[in-house]
Amino acid sequence: MKKKLIAGNWKMNGSLDANEALLKGLLSGVGQPACQVAVCVPSVYLGQCQALLAGSVIDLGAQDVSSHEVGAYTGEISPSMLKEFGVRYAIVGHSERRQYHGETDGMVATKVQRALGSGITPIVCVGESLAEREAGKTEEVVKRQLAAVIHVNGHCISEIVVAYEPVWAIGTGLSATAEQAQQVHAVLRAQLKAATSNADRIKLLYGGSMNAGNAASLLAMQDIDGGLVGGAALKAQDFLTIIAAAV
Ligand code: PGA
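A few points on the structure.

Rules used throughout
Residues numbered from 1 in each chain as written. Predicted model: local features only at pLDDT ≥ 70, side-chain atom pairs only at ≥ 80, totals over all residues. Heavy atoms only, no water. Near = heavy atom within 4 Å. Polar contact = N/O pair within 3.5 Å; in protein donor to acceptor, adjacent residues only side chain to side chain. Areas by Shrake-Rupley, 256 points an atom, 1.4 Å probe, with all protein chains shown as cover. Buried < 20%, exposed > 50% of the residue type's maximum accessible area, 1.4 Å probe, protein only. Helix = DSSP H or I, 4+ residues; strand = E, 2+ residues; numbered from the N terminus. Pairing = 2+ DSSP bridges. Right-handed = clockwise from strand over helix to strand, strands pointing away. 1 Å grid on protein atoms, 1.4 Å probe; cavity = no way out; pocket = protein on both sides within 12 Å on 5 of 7 lines; lining within 4 Å. Points joined across faces, edges and corners; volume = space filled by probe spheres on them. Nonpolar A, V, L, I, M, F, W, Y, C, P; charged D, E, K, R; others polar.

## Considering the site of the ligand
Argument step 1. Near the ligand you find 13 residues, and of these Lys 11, His 94, Glu 165, Gly 171 and Ser 209 are the closest.
Argument step 2. At a separation of 2.8 Å, an oxygen atom of the ligand approaches a polar backbone atom of Gly 230.
Argument step 3. For the ligand, whose free accessible area comes to 280 Å², the fraction covered by protein is 95%.

## Let's talk about the pairing of strand β6 (residues 161-164)
Argument step 1. Burial along β6 is two-sided: the residues Val 161 and Ala 163 and Val 162 and Tyr 164 are all buried.
Argument step 2. As judged from the four bridges shared by strand β5 (residues 121-126) and β6, these two strands associate in the parallel manner. Considered in β6, the bridge of Cys 125 is made with Ala 163.
Argument step 3. Summarising the sheet, β6 and strand β7 (residues 204-207) pair through three bridges and their orientation is parallel. Paired with Tyr 164 across the strands is Tyr 206, a residue of β7.
Argument step 4. The parallel pair β6 and β7, bridged by helix α8 (residues 178-195), forms a crossover whose chirality is right-handed.

## Regarding the layout of surface pockets
Argument step 1. For the largest pocket, the calculated volume is near 600 Å³.
Argument step 2. In terms of lining, the largest pocket is formed by 19 residues, of which the most central are Ser 43, Gln 63, Asp 64, Arg 97 and His 101.
Argument step 3. Here the element with the most residues in the lining of the largest pocket is helix α4 (residues 95-100); it accounts for three residues.
Argument step 4. Tallied by class, residues from the lining of the largest pocket come to seven nonpolar, seven polar and five charged.

Given below as structure tokens:
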């Protein structure tokens, strides 16, 4: 059976001391989890976290990746640089990057291609805003976002992870219900099935106010293969509870 994936998205949180305390807390409680586990940390802390996680069951992830490999791109970090720090995953196209950094569907698709080319698994985020949901456009929006990634990456699409993150649920405490999330996941699964015969092995994560209390019901849904967890990933006990729910 496909293992679930629980990935923490620390966003722009942490410090040397706080990271060490959080990772030590996770490592002391995680044991041998039934699922895969990752933490996506701010880039400046990759070296620190790589050292703390060495040899453990927790994988390392980044929160973004450049669409370029090398050269005059001030501030950017290439996938091969991430690789040097043992990075396995990179979040790509998070709604905060789309919203605050002008990332388009096309840019996200190119970043996915670049990550795959370096052996990094992109966690590709899609999701609708509240206005789009209320206008009945949820399906249209997530399909458009995923279609751009499929278009550029062809059969390599079976190597990605997808995270459905309704923008209205991120950081608001207002999670989608398990049924609402499953409905969108089924749409995404069908779209992936039309693109690759390996669609069943692609992990579809849910993200948006997943927490210790709602994780089990979300993760019980047929097409929900894990979670991308923001706020609750910053508290060791909450994140461990979510990991334990991912069976
Ligand atoms: P949240 O964030 O769990 O704090 O809602 C999730 C995300 O943005 O990935």
